[in-house]
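What follows is each chain in one-letter form.
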Amino acid sequence: MSMTSTAKIPFLDLVSPHQELQTELLAVVKKAFDSAGFIGGPMVDEFEREFAKFCDTKYCIGVNSGTDALRFAFMAAGVAPGDIVVTVPHTFIATTEAISQAGAQVTFVDINEETYTMDPERLRDYLENMCEFDPSRGKLIEKASKCSVSAVVPVHLYGQMADMDPILGLAEKYNLIVIEDACQAHGAEYFSKKAGIWRKAGSMGLAAAFSFYPGKNLGACGEAGAITTNDEVLANKMRMIRDHGQSKKYYHDVEGYNGRLDSIQAGWLTVKLRHLAKWNESRRTIAQRYHELFAELKEGITIPREAAWTRGVYHLYVVRVQDREALQAHLAGAGIGTGIHYPIPTHRQPAVGCFAPLAVPRTERLVDEILSLPMSADHTDEEIDRVVAAVRAFFGA
Ligand SMILES: Cc1ncc(COP(=O)(O)O)c(C=O)c1O
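Only a predicted model underlies this, so the values are computations on that prediction, with no experimental measurement involved.

1. A word on helix 5 (residues 94-101)
- Restricting attention to buried positions, one finds in helix 5 the residues Ala 94, Thr 95, Thr 96, Ala 98 and Ile 99.
- Of the surrounding elements, those touching the buried residues of helix 5 are helix 4 (66-77), strand 2 (84-87), strand 3 (105-108) and strand 7 (177-181).
- Just downstream of helix 5 lies Gly 103, where phi reads positive at about 95 degrees.

What follows is the structure, encoded as structure tokens:
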């Protein structure tokens with residue numbers, strides 16, 4: 001996208017990247033039109049194969065949305081009504097919706113101050129001090145509620161990985177299911193010291209959920225999502241749950257949902273998947289430019305910190321500032337779009353029922369200070385320079 005120095009810089013431009021792929025993307029629609037294969041079929045199979053390969057997993061199950069992906073993963077993994085599922089409050093509401101729609105209760109632990117993802121020490125603190133093992137039930141029980149703790153959901157927010165080694169270690173110790181919320185992290189990587197290798201988002205938990213909402217690093221032309229896993233039994237269960245619980249046509253073994261991926265979305269995603277690694281690399285280059293330019297601004301702004309063990313994919317570039325609303329207004333005045341992800345943490349949303357929440361002071365502090373700056377794979381250097389110049393002007397630098 002090339003712009004003159006006075007053109008607006010939208011927070012998210014979904015038109016230009018699709019125009020570049022117009023011929024290939026419209027061919028997908030024509031293919032579905034010609035075959036009238038609208039639901040499931042070869043285009044869905046192909047995308048599932050390719051996305052599993054991309055994530056280094058054995059299986060991928062295409063579904064309707066990231067929310068469905070989470071919900072189906074909980075149900076198939078055996079999260080039962082009344083169980084507790086532990087996650088972070090600094091996430092999109094869908095993480096907690098899926099937990100409660102699977103019948104479970106959500107408990108929140110705080111984030112790490114620097115990575116904005118689950119702090120394994122807070123998780124440890126909760127499991128060791130607020131829960132106890134009940135030998136008669138063979139389960140870890142939360143002392144206050146007497147409910148069993150069955151799963152933990154690290155959220156790889158903004159395209160940055162949660163610190164998975166210690167989270168997986170705790171899950172193993174306490175026999176907890178790990179479902180990754182990788183809805184913002186297509187292609188992000190984590191260096192596992194334990195395994196001695198880089199591992200892809202979505203390949204470490206029992207299962208992982210991805211969203212292909214149009215604005216994501218890999219976005220559909222409507223609603224779409226996927227679940228990845230290495231577990232064949234789980235994969236088969238999730239395939240059934242997404243398709244009315246049927247094992248074959250009109251034989252419904254369990255109650256399921258209409259949560260299938262349609263073929264136009266799948267074909268569209270297969271085309272875009274071929275470009276994803278390159279787009280993620282561009283996002284990392286743009287993030288690096290932001291980092292370097294902001295480094296000259298000595299104070300007033302905290303830039304995202306990428307821990308040594310992650311290669312983030314910068315779904316969002318989120319800075320922290322004291323006077324967030326004023327900076328946002330200033331940038332809007334300069335024609336620069338921004339967003340807030342998210343202004344109200346999930347534990348304070350009226351829609352979310354949770355047991356007495358644990359103290360989450362880092363999340364509480366963060367939500368009033370975060371601002372998402374323009375970030376997509378095709379920003380020009382000039383655009384990034386203009387955003388930084390406008391931020392500098394705000395601080396009088
Ligand atoms: C962290 C997170 N979890 C879950 C979801 C839900 O995905 P979807 O909107 O595809 O249902 C999203 C989507 O925005 C998300 O960002």
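2. Comments concerning the environment of Leu 168
- Along the polypeptide, Leu 168 turns up in helix 7 (residues 164-173).
- Between the alpha carbons of Leu 168 and Leu 140 there is a distance of 16 Å; along the sequence they are 28 residues apart.
- Non-local contacts of Leu 168, meaning those with residues more than four positions away in its chain, are made with Val 178, Arg 199 and Met 204.

3. A closer look at the site of the ligand
- Around the ligand, the surrounding shell holds 14 residues, and the nearest of these are Gly 66, Thr 67, Asp 181, Ser 211 and Lys 216.
- Asp 181 is positioned such that a nitrogen or oxygen atom in its side chain is 2.8 Å from a nitrogen atom of the ligand.
- The protein chains hide 93% of the 380 Å² of surface that the ligand would expose on its own.
- Secondary structure elements with two or more residues in the shell around the ligand: helix 4 and helix 5.
- Grouping the constituent residues of the shell around the ligand by class yields five nonpolar, seven polar and two charged.

4. Regarding the packing of helix 2 (residues 22-35) against helix 9 (residues 263-295)
- Relative to each other, helix 2 and helix 9 sit at 155 degrees, their axes nearing to 9 Å. By the angle between their axes, helix 2 is roughly antiparallel relative to helix 9. For the crossing formed where helix 2 meets helix 9, the hand is right-handed. Here Glu 24, Leu 25, Val 28, Val 29 and Ala 32 of helix 2 lie close against helix 9, whose contacting residues are Ser 263, Ile 264, Gly 267, Trp 268, Val 271, Lys 272, Arg 274 and His 275.

The rules we used
Residues numbered from 1 in each chain as written. Predicted model: local features only at pLDDT ≥ 70, side-chain atom pairs only at ≥ 80, totals over all residues. Heavy atoms only, no water. Buried < 20%, exposed > 50% of the residue type's maximum accessible area, 1.4 Å probe, protein only. Helix = DSSP H or I, 4+ residues; strand = E, 2+ residues; numbered from the N terminus. Contact = heavy atoms within 4.5 Å. Near = heavy atom within 4 Å. Polar contact = N/O pair within 3.5 Å; in protein donor to acceptor, adjacent residues only side chain to side chain. Areas by Shrake-Rupley, 256 points an atom, 1.4 Å probe, with all protein chains shown as cover. Nonpolar A, V, L, I, M, F, W, Y, C, P; charged D, E, K, R; others polar. Axes fitted to C-alpha atoms, helices over the stretch in contact; angles between N-to-C directions. Parallel < 35°, antiparallel > 145°, perpendicular 65-115°, else oblique. Left-handed = near helix turned anticlockwise from the far one by under 90°.

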